[in-house]
Amino acid sequence: MSIKKTIVKSLKPGGYFLIDGEPCRVISIEKSKPGKHGSAKANIVAVGFFDKRKRNVITPADRMVDVPLIDKKTATVITDMGETLNLMDSETYETYEVSRPADEELASKITNNVEVEVWDLMGRQIIVRVKS
Amino acid sequence: MVTVMERVNHIPVKTNMSVDELVQAMLKAGVLGAGRLGRAAGIVRRMFEDSEYFTLLSMSGPMVPGGLRALICHLVDIGHIDAIVTSGANIVHDLLEAYGGAHYRVPTEKNDQELREAGMGRIADLFVHEKDFEVFEKQIYGFLDGLPKDKMTTLSSSEFLKELGMTLTDDKSIIRQAAIKGVPIFSPGLMDSMLGFHMYTYSTTKEFTMDFVKDLRILGSIIKESKKTAAIMLGGGLTKHFTMGSTILRGGLDLAVQITLDRPEAGSLSGAPLKEGVSWQKVQTDANYETVIGDATIVFPLLILGALS
C-alpha cells in the first residue's frame, strides 16, 4: 500500500499529494469561503515530483485526496552505468538500480562510493540529494 | 373591389373560461398582443399534432427558476418536444431542484448586501440558497467521479446531459425526463454556468474535456433526417441562434414561435423579428411564424395550455 487518503484542507506547503496519479509537492495553498461556487475551496499550486511540471488545482477543501507514502532511504553508489546507477541500501545491503537524476547539478555530484538519499514512492525510486 | 375586413372581436366577459377558450377569444380579437398569442397558439398546436415536425424548444433566461419547469417537463414527457436547446443556467436550476433544492421569492425587506451576507443569490425577485449550490457541487463531483475513463474526454454536451439525466431520481426534472425519453438537450454555452465551473475545477485534478463539435454533428444528422422543423423560442441569445442556425442547410425553420421582451433597435438576434431569419435561410420563405412580445412566464403557460387542450 503506497497511498493513504487525507482531506485537502490538511495539506500544507512542502507536503505531497497525487494529482491525476502523479505525486506533487505543495508549493502554496489558499482557501476561499463557500459561495455560489459551492463549498469552501482550496487553490493549490504544486509541482510534480517526477515531471517537475507546475500544476494549479482548485478543489473543494473537504474532498479526500491520495497522499503517497514516502519511504526515505540512504544508499551508497556502487557502479555508475551511465543512464542508470547501481546502489546498495545502507541498512539492508540490498542492491538496486535507479535512473541517473535528471537534474544536472545533482547528477554532477554523483560518483562511486558517495552516499545518497533515495525516496521510494509510487513504486519508483529517485535520488533526491547527495549526503557526503 | 371588395376588401374583406376582419373585425376585432372583443374578448367576452365569461368567467371560468378555460385557457383554450381565452386563447381562442384572443385569436378572434386578432390584433396586438392578443392576436399574436392566438395565432402563435395555433402554430404550436400544429407542431404538437403533426408528428412530422421535429420540434425544438429553445430557452434562455430564468425559465426554470421562473416556474416553467413542470410545463417543460410535461412537454418532454408526452413527446411534443423533440430537442431542447438551453442556456447552462436552466440546466443548473433544474438540477438544483432535482438534488433537493428550491427557488424562493426574495423577502421584500432584504437588500442585495443583506442577501449576499445571508448566502442568497438573487435573480430579479427570486433567490437560491448557497447551501443548495453546495449540495449541487457535491452531486456533480460524485457524478464525475463515477464516469468511466473513456467518457472523461469524449462526450458532447448532449451526451453528457443524457448520462447525468440517467443518474437523477427526480421525475419532475427536465433533464431526467429528456434522458429517459431520448430527447437530446443541447447546451452550446454550457461552460458558462455553475455546471461548467465545476467541470473546470474538476479538470484541475483529473483529465476531463468535452467535445462540443460533436453536438453539431449529432443535431445536424437529426435535422437532415427530419421532414419538417419547428421551434418554440423563449428569450434570445445563444440558444435562439443555435436553434435557427441548425436548420440552415435545409433553408430554415418551417414553423416558429418566439416569446421575447428584447427590442429590435439594437439589431441583435434576440430582439429581431423572425422574418429577418428568412434573409439568412434560417426561416423558410413560406414558413408560418409569430412573435409574441411578453414575459415568457405569462405567455408560455397560456400558449402551451391553450395548444394542449
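Residues numbered from 1 in each chain as written. Chains lettered and ligands numbered in written order. Predicted model: local features only at pLDDT ≥ 70, side-chain atom pairs only at ≥ 80, totals over all residues. Heavy atoms only, no water.

Student: I'm lost on the overall build of chain A in this one. Help?
Tutor: Scanning chain A from terminus to terminus reveals one helix and 11 strands. Helices and strands in chain A line up, N terminus first, as β-β-β-β-β-β-β-β-β-α-β-β. Relative to the 2.2 N^0.38 estimate, which gives 14 Å for 132 residues, the radius of gyration of chain A is 18 Å and therefore markedly larger than a compact globule would have. Dimensions along the principal axes, computed over C-alpha positions, put chain A at roughly 60 × 30 × 20 Å. Across the 132 residues in chain A, those meeting the buried criterion constitute 39%. (Helix = DSSP H or I, 4+ residues; strand = E, 2+ residues; numbered from the N terminus. Rg over C-alpha atoms; globule rule 2.2 N^0.38 Å. Buried < 20%, exposed > 50% of the residue type's maximum accessible area, 1.4 Å probe, protein only.)

Student: When you look at the sheet that holds strand 6 (residues 185-186) of chain B in this model, what are you seeing that I'm missing?
Tutor: Working definition: the strands of a sheet are paired by backbone hydrogen bonds and lie parallel or antiparallel to each other. Residue and element names in this part refer to chain B. The parallel open sheet is built from six strands, whose spatial order is 6-2-1-7-8-9. Unpaired on one side and paired on the other, strand 6 and strand 9 (283-293) mark the two borders of the sheet. Strand direction decides the pairing type here: strand 1 (residues 53-59) and strand 2 (residues 83-86), joined by four bridges, are parallel. Bridge pairing in strand 2 links Leu57 to Ile84. Sitting on the sheet, helix 2 (residues 32-49) is in contact with strand 1, strand 7 (228-234), strand 8 (253-260) and strand 9, with an inclination near 130° to strand 9. Its contacts with the sheet place helix 11 (residues 237-245) against strand 1, strand 2, strand 6, strand 7, strand 8 and strand 9, and it is angled at close to 165° to strand 1. (Pairing = 2+ DSSP bridges. Contact = heavy atoms within 4.5 Å. Axes fitted to C-alpha atoms, helices over the stretch in contact; angles between N-to-C directions.)

Student: For this particular structure, what's the right way to read the interface of chain B and chain A?
Tutor: Interfaces are often described in size by the accessible area the parts lose on coming together. The partner chain A presents 16 residues to the 17 residues of chain B that form the contact. Three residues, Glu137(B), Thr204(B) and Thr205(B), lead the burial of chain B against chain A; their summed loss comes to 32% of the area buried on that side. At the surface where chain B touches chain A, the tally comes to three salt bridges. A salt bridge links Lys138(B) to Asp62(A); the nearest nitrogen and oxygen atoms lie 2.9 Å apart. (Buried area = accessible area lost by both parts, 1.4 Å probe. Salt bridge = Lys/Arg side-chain N within 4 Å of Asp/Glu carboxyl O.)

Student: Whenever I open this one, the side chain of Asp254(B) confuses me. Can you help?
Tutor: Residues and elements named next belong to chain B. The residue Asp254 is located in strand 8 in this model. Of the side chains bearing the opposite charge, Arg250 lies closest to the buried Asp254, which forms no salt bridge; the N-O distance is 4.1 Å. A distance of 2.9 Å separates a polar atom in the side chain of Asp254 from the backbone nitrogen of Thr229. In this structure Asp254 touches Tyr53, Lys228, Thr229, Gln284, Ala287 and Asn288, once residues within four positions along its chain are discounted. (Lys, Arg positive; Asp, Glu negative; His and termini not counted. Polar contact = N/O pair within 3.5 Å; in protein donor to acceptor, adjacent residues only side chain to side chain.)

Student: How should the pattern of salt bridges be read in this particular structure?
Tutor: In a structure, side chains of opposite charge can pair up when their charged atoms sit close to one another. Applying the stated criterion across every chain, the model contains 24 salt bridges over all chains. A salt bridge links Asp145(B) to Arg63(A); its shortest N-O distance comes to 2.7 Å. With Asp145(B) in helix 6 (residues 130-146) and Arg63(A) in the loop between strand 5 (54-60) and strand 6 (64-68), this pair bridges two chains. Overall, Asp145(B) belongs to the partly exposed group, its relative accessible area being 36%. Here Asp77(B) and Lys181(B) are joined by a salt bridge, their closest N and O atoms 2.3 Å apart. Residue Asp77(B) is located in helix 3 (residues 64-77), and its partner Lys181(B) is located in helix 8 (residues 174-181); the two are separated by 104 residues in the primary sequence. When salt bridges that share partners are traced, they join Arg69(B), Asp94(B), Glu97(B) and Asp170(B) into one network.

Student: Help me out: how do you make sense of the side chain of Thr59(A) in this one?
Tutor: Within the fold, Thr59(A) resides in strand 5. Not counting chain neighbours up to four residues away, the residues in contact with Thr59(A) comprise Val8(A), Ala40(A), Lys41(A), Ala42(A), Ile44(A), Tyr141(B) and Thr205(B).

Student: Help me understand the nonpolar core, please; the structure alone is not making it clear to me.
Tutor: For soluble globular proteins, nonpolar side chains are generally found buried alongside one another. Residue and element names in this part refer to chain B. The biggest cluster of nonpolar side chains holds 67 residues, and the ones touching the most others in it are Leu95, Phe136, Phe160, Leu195, Phe208, Leu234 and Phe300. Beyond its immediate stretch of four places on either side in the chain, Leu195 contacts Ile91, Val92, Leu95, Phe136, Ile140, Phe160, Leu161 and Leu190. Core analysis: the next-biggest nonpolar cluster, separate from the first, contains 16 residues, Ile223, Ala231, Phe242 and Ala287 among them. (Core = buried A, V, L, I, M, F, W, Y, C linked by side-chain atoms within 4.5 Å.)

Student: Before we go on, may I ask you to explain the packing of helix 3 of chain B against helix 8 of chain B in this structure?
Tutor: Two numbers describe a pair of packed helices, the interaxial angle and the distance between the axes. All names here are of chain B. The contact between helix 3 and helix 8 brings their axes to 9 Å, and the two run at 15°. Between helix 3 and helix 8, the angle falls in the class roughly parallel. Helix 8 is crossed by helix 3, and the crossing has left-handed handedness. Across the interface between the two elements, Val64, Arg69, Ile72, Cys73, Val76 and Asp77 from helix 3 touch Ile174, Gln177, Ala178 and Lys181 from helix 8. Residue composition of the contact of helix 3 with helix 8, by class: six nonpolar, one polar and three charged. (Parallel < 35°, antiparallel > 145°, perpendicular 65-115°, else oblique. Left-handed = near helix turned anticlockwise from the far one by under 90°. Nonpolar A, V, L, I, M, F, W, Y, C, P; charged D, E, K, R; others polar.)

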